Amino acid sequence: MVGLGVSGALYSASRSIGCPGLSRLIATPTPSLITPRPFSMAVQPPVRVQGQVVQGFGRGSKELGIPTANFSEEVIERLPTAMDTGIYYGWARIDQGDIYKMVMSVGWNPYYKNEKKSMETHIIHDFDEDFYGSWLRVIVSGYIRPEENYNCLDDLIHAIRNDIATAERELESPSQLLLKTDAFLTDPVDTNQS
Ligand SMILES: Cc1cc2nc3c(=O)[nH]c(=O)nc-3n(C[C@H](O)[C@H](O)[C@H](O)COP(=O)(O)O)c2cc1C
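The present account deals with the structure reproduced in this document. (Residues numbered from 1 in each chain as written. Predicted model: local features only at pLDDT ≥ 70, side-chain atom pairs only at ≥ 80, totals over all residues. Heavy atoms only, no water.)

**So, the overall build of the protein**
Helix and strand counts for the protein come out as six helices and six strands. When the helices and strands of the protein are read in sequence order from the N terminus, they spell out α-β-α-β-α-β-β-β-β-α-α-α. The contacts in the protein between residues at least 6 apart in sequence include a share of 77% that link residues at least 24 apart. (Helix = DSSP H or I, 4+ residues; strand = E, 2+ residues; numbered from the N terminus. Contact = heavy atoms within 4.5 Å.)

**Things to note about the side chain of Thr-68**
Inspection of the secondary structure assignment puts Thr-68 in the loop between α2 (59-64) and β2 (69-70). Owing to a relative accessible area of 11%, Thr-68 belongs among the buried residues under this scheme. (Buried < 20%, exposed > 50% of the residue type's maximum accessible area, 1.4 Å probe, protein only.)

**Some remarks on the packing of aromatic side chains**
A complete count under the given rule lists four aromatic pairs for this structure. Plain terms: the ring middles of Tyr-100 and Phe-127 are 5.6 Å apart, the flat faces sit at 90° to each other, and that makes the pair edge-to-face. In this pair, Tyr-100 is assigned in strand β4 (residues 99-107) and Phe-127 in the loop between β5 (118-123) and β6 (135-145), connecting sequence segments 27 residues apart. Each member of the pair, Tyr-100 as well as Phe-127, is classed as buried. Centre to centre, the rings of Tyr-111 and Tyr-112 are 5.0 Å apart; their planes meet at 85°, and the pair counts as edge-to-face. Both residues of the pair, Tyr-111 and Tyr-112, count as buried. An aromatic cluster is defined as three or more aromatic residues linked by ring pairs; in this entry it consists of Tyr-100, Phe-127 and Phe-131. Taking NZ or CZ as reference, Arg-59 lies 3.9 Å from the ring centre of Tyr-112, over its face. (Phe/Tyr/Trp six-rings, centres within 6.5 Å; stacked < 30°, edge-to-face > 60°. Lys NZ or Arg CZ within 6 Å of the ring centre and 35° of its normal.)

**Focus on the pattern of salt bridges**
Tallied over the entire structure, the rule returns six salt bridges. Across the salt bridge formed by Lys-116 and Glu-73, the nearest N and O atoms sit 3.2 Å from each other. Residue Lys-116 is located in the loop between β4 and β5, and its partner Glu-73 is located in helix α3 (residues 73-77); the two are separated by 43 residues in the primary sequence. A relative accessible area of 54% means that Lys-116 is categorised as exposed. The salt bridge involving Lys-101 is made with Glu-168; its shortest N-O contact spans 3.8 Å. Of this pair, Lys-101 sits in strand β4 while Glu-168 sits in helix α4 (residues 153-170); the two residues are 67 residues apart in sequence, bridging distant segments of the chain. With a relative accessible area of 33%, Glu-168 lands in the partly exposed category. What you see here is one network of salt bridges that share partners, running through Lys-101, Glu-168 and Glu-172. (Salt bridge = Lys/Arg side-chain N within 4 Å of Asp/Glu carboxyl O.)

Pasting the structure below:
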């Protein structure tokens, strides 16, 4: 889900938001500088994915303050079967808009114990409106880490902030910048080619 103007102040009452001192100490530490590891050998990057933006659970904006755009189940089912779940980075374009850096989560969101696999893109840009129903094209070009469970929401948010910093840095390399000019992103939208 993508929405702006929604602060991170609305939280689910059933989950721990702030990390208690002890749980913070025993939580898996999130390194501030992550060295991305290569894709699963079975899937060679980049992976190009496109489809309509559908409604997620809506926690990205409300609980995390990190809005995400969700792909439909049909799009997720067409992913290469050997593609690892986890956190990726790459490039994204909404309709005929500008092309931006993105981070993406593929999997079951262990913190929320989702029962369905999701593919959620956080576009690294401030948007003024939601874009449900828009056409999203992404080039997935690097892997950051597996999905993790966390003791509290603060730790999940901290991990995603680190992912964003990692993506910002990695996408500045010449080979990654070249993908921003890929015809898959720069051509006009073709909604028959999902
Ligand atoms: C870059 C990134 C990293 C994420 N990492 C994790 C993770 O390690 N564990 C997890 O349970 N969820 C992770 N998520 C998924 C969030 O929990 C998810 O975006 C949130 O549940 C909002 O989804 P919703 O808008 O469909 O409700 C990540 C999401 C993004 C964008």
